[in-house]
Amino acid sequence: MDPRTDPPTPAAPSAERHAQRTLLALSPAELVALFTGLGAQPFHARIARENVLRKGLLDWNAMTSLPATLRAELERELPILAGREAARSTAADRTTKLLLEFSRQAGRAAAVETVHMPSLALEHESDERGGATLCVSTQAGCPIGCPFCASGQLGLARNLASHEILEQYVRGRALGPLARSVVMGMGEPLLNYANLAVALDAVHDEMGLGSRRVTVSTVGFPDRLRKLAPGRPRFQLAISLHTPDQEQRDELVPAMRGVPIEEVLAAGDDWFHETGREVTYEYVLLRGVNDSAGHARRLADRLRGRRASVNLIPYNPVSESPYRRPDAAAVEAFRRTLLEARIVATVRWSRGVESDAACGQLRLRGAR
Ligand code: SAH
């Protein structure tokens, strides 16, 4: 598939909903209709959605603000969620990773990961509200094909429906209050944007997670970014750059082959001018591949003078991958070169690495 052309039209919402009638798959208006059909009041429907989205209640019986007879009826009539928790692993730092399975759509089942990372007491980047950061997937598998990424190795199974994206937020909220979310799980968000936007609207309006607390990470299709920016999207933008060198980016981000790095950066500049929000460039550090002093200098040359910052992500080992993580000194040297060019650079060591919580690993293990 050529990701520069438009992605397949997402399933019409009504078709999607008839496949599975759940609380999250119904629009608020449809939920009211269903409730009044059961003899309940419209405000009962609002309470139900609020219980699920704000409080993360996953069980009708826990919703004591609804009449008991209605709860019993809903228990029979309307599942809250569509997916199944197929696996869960919790690391020593309390990072919890869920493997979720969703049923077939157009013949395709979907297994995705969602990661809940409670803030650490001493972590400054963590939120003053003390909630967790949730990492969310937008596609089952991924069509981009980055050779260092676990999701890219399996190809794309299918886009997630908007309620399947929202369900990850609800299940995450059930594990504890959310302070932030990063759309950095499986998949390329801009290739399933229509569904993601519906989910993010609910996250903003109904879960109360403000748009500065949601970061969407993309390989940065320039045309798509230019179309989205005027709509004042409800998220912070992160673009996966990974190298200052065109030939190398064509290898590390195969779906972007033929898209000049300068065009990606220009789209990032336009994003800032249009939205007033700075772009973060992500850079996965791979030992001996893109972590040299020359790479750091050339990256600094590309970014000098731009309103943007860099997140350096030391590579997270994926089983059977030939890549390795640089040592801390090499990471620090890379960062210093950027800082000397007045480019704000932060190192993001990943969480939960010891218990299979590295990106994509639960699903990769399941697939083997
Ligand atoms: N398709 C989007 C979201 C992918 S995941 C994108 O490419 O931005 C979010 C980030 O994690 C991306 O920057 C991706 O390159 C990075 N990543 C993937 N696998 C990784 C690994 N094994 N170690 C460290 N970072 C990884």
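For the structure itself, consult the block above.
Residues numbered from 1 in each chain as written. Predicted model: local features only at pLDDT ≥ 70, side-chain atom pairs only at ≥ 80, totals over all residues. Heavy atoms only, no water.

1. Things to note about the nonpolar core
Core analysis: the biggest nonpolar cluster contains 95 residues, and Leu23, Phe35, Trp60, Ile144, Tyr169, Leu312 and Leu338 have the highest contact counts within it. By residue number, the principal contributor to this core is helix H6 (residues 193–205), which donates six residues. Domain assignment of the residues forming this core places at least three in each of domain 1 (21–77) and domain 2 (84–367). Contacts of Leu23, omitting those with residues within four sequence positions, involve Leu31, Ala48, Arg49, Val52, Trp60, Leu78, Pro79 and Ile80. (Core = buried A, V, L, I, M, F, W, Y, C linked by side-chain atoms within 4.5 Å. Buried < 20%, exposed > 50% of the residue type's maximum accessible area, 1.4 Å probe, protein only. Helix = DSSP H or I, 4+ residues; strand = E, 2+ residues; numbered from the N terminus. Domains from an automatic or database assignment. Contact = heavy atoms within 4.5 Å.)

2. Some points on the pairing of strand E9 (residues 236–240)
Extensive coverage of E9 is indicated by the burial of five of its five residues. Residues Gln236, Ala238 and Ser240 line one face of E9 and the alternating positions Leu237 and Ile239 line the opposite face, and both faces are buried. The pairing of strand E8 (residues 214–218) with E9 spans four bridges and is parallel. When the sheet's bridge partners are listed, Ser217 is paired in E9 with Ala238. Each parallel crossover has a hand, and the one from E8 via helix H7 (residues 222–228) to E9 is right-handed. As paired strands, E9 and strand E10 (residues 279–285) are joined by three bridges and run parallel to one another. Its bridge partner lying in E10, Ile239 is registered against Tyr281. (Pairing = 2+ DSSP bridges. Right-handed = clockwise from strand over helix to strand, strands pointing away.)

3. Structural notes on the sheet that holds E10
Pairing in this open sheet of ten strands is mixed, and the strands run E1-E2-E3-E4-E7-E8-E9-E10-E11-E12 from one edge to the other. One side of each edge strand has no neighbouring strand; the edge strands of this open sheet are strand E1 (84–90) and strand E12 (345–347). Taking each pair of neighbouring strands and ignoring which way they run, the sheet shows an average axis angle of 20°. Where strand E7 (residues 178–183) meets E8, three bridges bridge the pair, whose relative direction is parallel. Bridge pairing links Ser181 to Val214 in E8. (Axes fitted to C-alpha atoms, helices over the stretch in contact; angles between N-to-C directions.)

4. With respect to the packing of helix H3 (residues 42–53) against helix H5 (residues 162–175)
Close contact between H3 and H5 brings their axes to 8 Å; oriented N to C, the two are set at 70°. With respect to H5, the axis of H3 lies roughly perpendicular. Where H3 approaches H5, its residues Arg49, Val52 and Leu53 are matched on the opposing element by Leu166, Val170 and Arg173. Split by residue class, the contact of H3 with H5 holds four nonpolar, no polar and two charged. (Parallel < 35°, antiparallel > 145°, perpendicular 65-115°, else oblique. Nonpolar A, V, L, I, M, F, W, Y, C, P; charged D, E, K, R; others polar.)

5. A word on the site of the ligand
Not every one of the 18 residues close to the ligand is listed here, only the nearest: Glu188, Ser217, Ser240, His242 and Asn316. Between the ligand and Gly187 there is a distance of 3.1 Å, counted from a nitrogen atom to a backbone nitrogen or oxygen. Backbone polar atom of Thr218 to an oxygen atom of the ligand: 3.3 Å apart, as the coordinates give it. Contact with the protein chains covers 94% of the free accessible surface of the ligand, which is 530 Å². Contributions of two or more residues to the shell around the ligand are made by E8 and E10. (Near = heavy atom within 4 Å. Polar contact = N/O pair within 3.5 Å; in protein donor to acceptor, adjacent residues only side chain to side chain. Areas by Shrake-Rupley, 256 points an atom, 1.4 Å probe, with all protein chains shown as cover.)

6. Describing the side chain of Asp245
Looking at the secondary structure, you find Asp245 in the loop between E9 and helix H8 (246–252). At 2.8 Å, the side chain of Asp245 forms a polar contact with the side chain of Arg298. When residues no more than four places from it in sequence are discounted, the contact partners of Asp245 are Ile261, His295 and Arg298.

7. Remarks on the environment of His204
In this structure, His204 sits in helix H6. In sequence terms His204 and Val214 are ten residues apart; their C-alpha atoms lie 9.0 Å from each other. If near-sequence neighbours (up to four positions away) are discounted, His204 is found in contact with Leu209, Gly210, Ser211 and Arg234.

8. Describing helix H9 (residues 261–275)
Relative to the 21 Å expected for 15 residues at 1.5 Å per residue, H9 spans 21 Å between its end C-alpha atoms, a close match to the ideal helical length. Among the residues of H9, those classed as buried are Ile261, Val264, Leu265, Ala267, Gly268, Trp271, Phe272 and Thr275. The buried residues of H9 all sit within an arc of 155° when viewed along its axis, so they share a single face. Next to the buried residues of H9 lie H7, E9, H8, E10 and helix H10 (293–303). One or two steps after H9, the chain reaches Gly276, where phi turns positive at roughly 75°. (Expected span 1.5 Å × (residues − 1). Arc of directions from axis to C-beta.)

Shape is all these values report; function is a separate question.
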